[in-house]
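# Residue-level structural notes
Spelled out from the first residue to the last, the chains are:
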Amino acid sequence: MSVSIEIFCRSEQSISRSEIIALVQEGYYFDSDPKFEPSLNSPNAQDYKWDELAIYYDSARRPVIISLFIESKVVEEMVSEAIEHLETSNKRDLSVHIAGSKKIFRIEIASWEVTEECWQMLACLEALLASELDGLIMADEGIYNKELEFIAKL
């Protein structure tokens, strides 16, 4: 079973796959260089409208899959579903932020086999996306802000 982490971003700006790849490569999280699909040399790695990036950080483990949702109808459906799951005293404030999302990143991981180094990389990636794109991070256990501080339970 995989676990999903979603980052609901209000910014009109975006981030390319090549920028995510650079974050992973420059972080020196892993003993060997991870592989990416599509690769950094792919003709569309610089695009800001993309659908998926796979990070193969260990050949014996499942990859980290990052998906970007930008189509308004899909984003609206995901926003509605997220707001339904809110059960917190600051539901109104969180609902306003989530409802203003222009794009959503979903990170899928096989949590039972993720290494400590991969968790570190994911934390940096989540913080980058949330801070650069005005996002809130929604995980199974709750919601986090751009500083990765827990702000609400689901």
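Structure report, in brief. (Residues numbered from 1 in each chain as written. Predicted model: local features only at pLDDT ≥ 70, side-chain atom pairs only at ≥ 80, totals over all residues. Heavy atoms only, no water.)

## Focus on the nonpolar core
One recurring pattern in soluble globular proteins is that nonpolar side chains are buried together. What counts, and what does not: The definition of a nonpolar core used throughout is a set of buried Ala, Val, Leu, Ile, Met, Phe, Trp, Tyr and Cys residues joined through side-chain atoms within 4.5 Å. Only protein chains enter the area calculation, which uses a 1.4 Å probe; residues under 20% of their type maximum are buried, those over 50% are exposed, and those in between are partly exposed. Only DSSP runs of H or I reaching four residues or more are called helices, and only runs of E reaching two or more are called strands; each is numbered from the N terminus. Here, residues are in contact when the closest pair of their heavy atoms is within 4.5 Å.
Membership of the largest hydrophobic core comes to 33 residues, with the highest contact counts inside it found for Val64, Ile66, Phe105, Ile107 and Met121. Elements with a contribution of two residues or more to this core: β1 (3–9), α1 (17–27), β3 (52–56), β4 (64–69), β5 (103–109), α4 (116–132) and β6 (135–139). Setting aside chain neighbours within four positions, we find Ile107 in contact with Val3, Ser4, Ile5, Ile7, Val64, Ile65, Ile66, Leu122, Leu125 and Glu126. Judged by nonpolar contacts, the second largest core, of 13 residues, contains Val75, Ile98, Met138 and Ile143.

## A word on helix α2 (residues 72–84)
Filter applied, for reference: By this rule, a helix spans an expected 1.5 Å times one less than how many residues it contains. The arc in question is the one traced by the directions running from the helix axis out to the C-beta atoms.
Spanning 13 residues, α2 covers 18 Å between terminal C-alpha atoms, matching the ideal 18 Å at 1.5 Å per step. Here α2 has its buried residues at Val75, Met78, Val79 and Ala82. In an axial view of α2, the angular spread of the buried residues amounts to 105 degrees, which keeps them on one side of the axis. The exposed residues of α2 that point more than 90 degrees off its buried face are Lys73, Glu76, Glu77 and Glu84. Looking at the buried residues of α2, the elements they touch are β1, β4, α3 (91–99), β5 and β6.

## As for the side chain of Ser11
To be explicit about the condition: Polar contacts, as counted here, are pairs of nitrogen or oxygen atoms within 3.5 Å of one another; within protein the pair requires one atom able to donate a hydrogen and one able to accept it, and residues that are adjacent in sequence qualify only if both atoms are side-chain atoms.
Its location among the elements puts Ser11 in the loop between β1 and α1. Its relative accessible area of 16% is what places Ser11 among the buried residues. Among the polar contacts listed, one links the side chain of Ser11 to the backbone nitrogen of Gln13, at a separation of 2.9 Å. With residues up to four places along the chain from it excluded, the contact list for Ser11 reads Lys102, Lys103, Glu132, Leu133 and Asp134.

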